[in-house]
Amino acid sequence: MYLEMKNIVRRFPGVLANDHICLEIEKGEIHGLLGENGAGKTTLMNVLCGLARPDEGEILIDGMKVEFGNCLDAIKCGIGMVHQHFMLVPVFTVTENFILGNEPRKGARIDTARAREMVLELSEKHGLKVDPDALIKDISVGMQQRVEILKALSRGAELMILDEPTAVLTPQEVEDLYRIMRSLQEAGHTIIFITHKLQEIKEITDRVTVLRDGRVVGIVRTKDVEQVELARMMVGRDVVLRVEKDQHAPGEVMMSVKDLRANDSRGLTKLKDITFDVRAGEIVGIAGVAGNGQEELVEVLTGLRKQESGSITLDMQDISQLNPRERMYAGLAHIPQDRQRRGLVMNFSLVDNFLLGYEDLKPFARGPMLDYREAEKFASKLIKMFDVRTPGSQILARTLSGGNQQKAILAREFQRDPKLLIAAQPTRGLDVAAIEFIHNELIKFRDQDKAVLLISMELTEILDLSDRILVIYEGEIVGEFKSGQATPEQLGLLMAGSKKGQM
Amino acid sequence: MEVWSNVFSLALFTATIRSATPILFPALAGIFSERSGVLNIALEGIMLISAFAAVVGSYYTNNAWLGVLCAVIAGVLTSLIHAFMCINLRADQAIVGTGINILGAGLPSFLLLKLFGSQGISPIVERIHEWRIPILADIPVIGPILGEQSPLVYISLVMVPVSYFVLFKTPFGLRLRSVGENPHASETVGVSVFRFRYLGVIISGVLAALGGAFLSVSYLAQFVKLMTAGRGFIGLAAMIFGRWNPWGALFACLLFGFADALQAAAQASNVPIAPQFLRMLPYVLTIIALVGAMGRANPPAFVAKPYEKA
Ligand SMILES: Nc1ncnc2c1ncn2[C@@H]1O[C@H](COP(=O)(O)OP(=O)(O)OP(=O)(O)O)[C@@H](O)[C@H]1O
Ligand SMILES: [Mg+2]
């Protein structure tokens, strides 16, 4: 056996993140690590890459016991990790990030010419194109990921840990990543691959270890299992991977958007006179490749960005001049795309996060004071209703796993009893159980004759949930379909910019 | 008209350099600390403590350079307190800095009383004399301005390119800056956040101490209560105005130094402006510079944020 982790235990206050986990990795395999949000995957990998120390347990490489006091120790043993949240310095260039901690020298100074060469050499060798002089903050996440992979390779990583590498990638970039992974495997590298997407596990891994609640619940050869079985192991019950929803007759127009035009922060026109309606009891899905104006659309609708022209009406009321809070009171709720930036205050407790938007309403506001007894009651109710897994309501939002953060936002927004909900990428980075839960909540909401505007880059999600699908391309609506009318191929073509007539 | 031509003489520029030095040291000090991610508003306090230590050293050894050595030791020790609280205990860096500033205001006055039995000023001590740089001093215009200054002035000027080189051209500098921009990234490539933050703060302490020593054993030859008069803070303003870059900071310091020299020269030549207004000049300039620099300045992303290991 190449690598063994034996009885790894890692505790956080109130949470047993890793409960005697045993993991065995064979040389040259691509090993999948599967588990719900909060199952302990990242924690386990942080132990393996030397970032965190286990409370108990040991690690063996080729049968020899190793101990990692810091990341350098792990790097020396050939372990490299591409983290879920990239570990790059945004204001440094690709080359500077690449050499950090391992700089080529010429006398006292950094040998920049040599450093650049090293980047180019390695990127050539592995077919990973990068621009050595670009600043990290200016390049796409796909590119950043390549830098991370190159960084690990340059330090002689034999074992490459990829923590949810596909969550932030476009489908095209995912294909590229598969190609890279396969060629690394051919070159003799071993890979641990974390993802929530079962079809990705099926497609690329040789074996899978499944975690649930910090424990190993199964180790299988990938080709011996079906996706549903993996889902069952991971969640502990049967999961419906396909969304089930009944037909529902849409009612009156709930939101009406007319000739909406908006610019991005650099002044480029991102929305070009968009017009559409969302009816009560209807889920309207906006399909499109990232960066075609979806972000600006959500921002303009919620009042976070000013439109250049056009109007927005919600339930007959013109809301286009209102500020975000007034829109919220008018019946608009918003699940933001970036939950850590706009959805939650990461350093607030769960209760405080729940209070956002309610803080000056009864019964929480009493004169100038907040009534925390009421707030606590409210929090426990939401935690129970939406099954937020947390040791308590005083826990800081940032220590919750991604899925539980999302559930918390959903709970808060649904509780406003809005007329229309804008859900932007509501299931990004979530596990199958959480996705199932959120999808069901959205459908239940629709069935109460409420309106939903769903923005997603995930085509299957759009197809599964929407009653009507709009395709956005370069800031224009280029296609409209009723549920069941469009095939993924048709949508894909429109999303890529081929006009209707040419299909 | 006559009085104004007295103000604008070569001596004004000589004084500009001299006035810039005690701002330049803390500005460079701030750059090292903040680039590593530790907010350092304690510079004023560190300068006061070191200025006092320099006088004590010089008083007891009759050697001003040993006084400077004492200042550096005092500066490093004070910085270590700062570092320990901010890095190990993860205390709020603004509050720790404020605490040290209060210490810096109080401790020297207390010791002044204890050691010299005096309120507010120390005895006159041995000071560092100006050096005449042979060829430089004979060049017209430049000679009178730069050719005959305190060695500490030269050290401060030399520290500008040295700091720039260290921060932006060496592996050490890359690592130090990475720790201030994204310590999580540093940790994953085996760069110790702990170590580099400590180093940043200690270097900062040495530089601030030299600034303090310049005031007490070179510019003057004694300690005067609160003699830094906000120069630690003006240094921080210069750091921000100079965008955490040594060359930028030098430019800002020359500007502030000029304002300071100008007001002094104007007062000396009895220009018809109330001295109270003249004395305000450097501080007003600081505020204007800061307001102007605000929106554009990009501090290191992780400055003032304690780092917690995963
Ligand atoms: N720094 C921390 N402090 C407290 N609790 C933590 C911390 N980091 C993780 N946890 C908790 O440990 C558990 C495991 O978290 P971990 O991040 O390993 O999950 P994961 O399987 O990677 O989930 P995801 O799929 O959402 O990334 C969770 O319950 C999480 O809330
Ligand atoms: Mg994770």
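Before any of the text, the structure's been laid out above.
Residues numbered from 1 in each chain as written. Chains lettered and ligands numbered in written order. Predicted model: local features only at pLDDT ≥ 70, side-chain atom pairs only at ≥ 80, totals over all residues. Heavy atoms only, no water.

A. Structural context of the overall build of chain A. A tally of helices and strands in chain A yields 17 helices and 24 strands. Over its C-alpha atoms chain A spans a radius of gyration of 24 Å, differing by no more than 12% from the 23 Å that the globule rule assigns to 503 residues. Taken along the three principal axes of its C-alpha coordinates, chain A extends 70 × 55 × 50 Å. When burial is assessed residue by residue, chain A has 54% of its 503 residues classed as buried. Across chain A, the fraction of contacts at a sequence separation of at least 24, relative to all contacts at a separation of at least 6, is 66%. As displayed, chain A has an accessible area near 22,200 Å², and 49% of this comes from carbon and sulfur atoms. (Helix = DSSP H or I, 4+ residues; strand = E, 2+ residues; numbered from the N terminus. Rg over C-alpha atoms; globule rule 2.2 N^0.38 Å. Buried < 20%, exposed > 50% of the residue type's maximum accessible area, 1.4 Å probe, protein only. Contact = heavy atoms within 4.5 Å. Areas by Shrake-Rupley, 256 points an atom, 1.4 Å probe, with all protein chains shown as cover.)

B. Layout of the overall build of chain B. Along the backbone of chain B there are 14 helices and two strands. Taken over the C-alpha trace, chain B has a radius of gyration of 20 Å; the compact-globule value for 310 residues is 19 Å, and the two agree within 12%. Projected onto the principal axes, the alpha-carbon positions of chain B cover approximately 65 × 45 × 40 Å. Across the 310 residues in chain B, those meeting the buried criterion constitute 54%. Long-range pairs, those at least 24 residues apart, make up 76% of the contacts in chain B with a sequence separation of at least 6. Per element, the accessible surface of chain B, about 12,900 Å² overall, is 70% carbon and sulfur. Between the centroid of the 18 positive side chains of chain B and the centroid of its 12 negative side chains there is a distance of 7 Å. (Lys, Arg positive; Asp, Glu negative; His and termini not counted. Charge placed at Lys NZ, Arg CZ, Asp CG, Glu CD.)

C. Inspection of the coordination of the magnesium ion (ligand 2) at higher detail. Those protein atoms acting as donors to the magnesium ion (ligand 2) are A:Thr42 (OG1) and A:Gln84 (OE1), and they sit at 2.0 to 2.3 Å. Separated by 42 residues along the polypeptide, A:Thr42 in helix H1 (residues 41-48) and A:Gln84 in the loop between strand E6 (79-82) and helix H3 (94-99) bring together distant segments of the chain. (Donors = N, O, S within 2.8 Å, 3.2 Å for Na, K, Ca; no water.)

D. Structural detail: the pattern of salt bridges. Residues and elements named next belong to chain A. Overall, the coordinates contain 37 salt bridges over all chains when judged by the stated rule. Two residues, Arg389 and Asp387, come together in a salt bridge whose shortest N-O distance is 3.4 Å. By relative accessible area, Asp387 is classed as partly exposed at 35%. Of the charged contacts in the structure, one is a salt bridge between Lys444 and Glu441, with a shortest N-O distance of 3.2 Å. Of this pair, Lys444 and Glu441 both sit in helix H15 (residues 432-447), three residues apart, roughly one helical turn. A residue is classified by how much of its surface remains accessible, and Glu441, at 14% relative accessible area, is buried. (Salt bridge = Lys/Arg side-chain N within 4 Å of Asp/Glu carboxyl O.)

E. Seen up close, the sheet that holds strand E2 (residues 15-25) of chain A. Residues and elements named next belong to chain A. Pairing in this open sheet of four strands is antiparallel, and the strands run E2-E1-E4-E5 from one edge to the other. Of all strands in the sheet, those with a lone pairing partner are E2 and strand E5 (64-66), marking the two edges. Taken pair by pair, the neighbouring strands of this sheet meet at an average axis angle of 30°, ignoring direction. On the sheet, H1 packs against strand E1 (3-12), E2 and strand E4 (56-61) and is oriented at approximately 120° with respect to E1. (Pairing = 2+ DSSP bridges. Axes fitted to C-alpha atoms, helices over the stretch in contact; angles between N-to-C directions.)

F. The site of ligand 1, seen in detail. Residues and elements named next belong to chain A. Taken together, 18 residues lie around ligand 1, and Gly38, Lys41, Thr42, Thr43 and Thr399 are the ones closest in. At 3.5 Å from an oxygen atom of ligand 1 is found a main-chain nitrogen or oxygen belonging to Gly402. Compared with its free state, where it exposes 640 Å², ligand 1 has 79% of that area covered by protein. Of all the elements in the fold, those that place two or more residues in the shell around ligand 1 are E2 and H1. With three residues, H1 is the largest single contributor of residues to the shell around ligand 1. The residue inventory of the shell around ligand 1, partitioned by class, reads five nonpolar, ten polar and three charged. (Near = heavy atom within 4 Å. Polar contact = N/O pair within 3.5 Å; in protein donor to acceptor, adjacent residues only side chain to side chain. Nonpolar A, V, L, I, M, F, W, Y, C, P; charged D, E, K, R; others polar.)

G. How the structure looks around the sheet that holds E6(A). Residues and elements named next belong to chain A. Strands sit in the order E6-E9-E10-E3-E11-E12 across an open sheet of six strands; the sheet is mixed. Across the chains shown, the open sheet's two edge strands, defined by having one partner strand only, are E6 and strand E12 (215-221). Neighbour to neighbour, the strand axes of the sheet diverge by 20° on average, direction disregarded. Across six bridges, strand E11 (residues 207-212) lies against E12 in antiparallel orientation. Counterpart to Val210 in the pairing with E12 is Gly218. Contacts between helix H8 (residues 227-235) and the sheet are confined to strand E3 (30-35), E11 and E12, with E11 contributing the most and set at about 35° to the helix.

H. Region of interest: the interface of chain A and chain B. In this complex, chain A contributes 27 residues to the contact, which on the side of chain B involves 20 residues. The tally of links between chain A and chain B comes to one salt bridge. Across the contact surface, chain A and chain B share four residue pairs in polar contact (both at pLDDT 80 or more). For the side of chain A that touches chain B, the secondary-structure elements that each account for two or more residues are helix H2 (71-76), H3 and strand E8 (109-110) of chain A. Counting residues per element, the side of chain A that touches chain B draws most heavily on H2(A), at three residues.

I. Molecular detail of the packing of helix H3 (residues 43-61) of chain B against helix H11 (residues 193-219) of chain B. All names here are of chain B. Taken N-terminus to C-terminus, the directions of H3 and H11 make an angle of 55°; their axes are 7 Å apart at the nearest point. Classed by the angle they form, the pair H3 and H11 counts as oblique. For the pair H3 and H11, the crossing hand works out as right-handed. Facing Leu43, Ile46, Met47, Ser50, Ala51, Ala54, Val55 and Ser58 of H3, the residues of H11 in contact are Ser204, Gly205, Ala208, Ala209, Gly211, Gly212, Ala213, Leu215, Ser216 and Val217. Its residues placed into classes, the contact of H3 with H11 shows eleven nonpolar, seven polar and no charged. (Parallel < 35°, antiparallel > 145°, perpendicular 65-115°, else oblique. Left-handed = near helix turned anticlockwise from the far one by under 90°.)

J. Region of interest: the nonpolar core. Counting 141 residues, the largest nonpolar core has A:Leu3, A:Met45 and A:Leu48 as its most contacted members. Here this core gets twelve residues from one element, more than from any other, and that element is H11(B). Each residue touching A:Met45, except ones within four places of it in the same chain, is listed here: A:Leu23, A:Leu33, A:Met81, A:Ile161, A:Ile192 and A:Ile194. The next biggest cluster of nonpolar side chains, apart from the first, holds 48 residues, and it includes A:Phe378, A:Ala423, A:Ile438 and A:Val452. (Core = buried A, V, L, I, M, F, W, Y, C linked by side-chain atoms within 4.5 Å.)

K. Quick look at the pairing of strand E23 (residues 468-473) of chain A. All names here are of chain A. With respect to burial, E23 is a largely interior element, five of its six residues being buried. Where strand E15 (residues 282-287) and E23 come together, four bridges link them in parallel fashion. The residue of E23 that forms the bridge with Val284 is Arg468. The turn joining E23 and strand E24 (residues 476-482), which pair antiparallel and follow one another in sequence, is formed by two residues; a positive phi near 45° is taken by Glu474.

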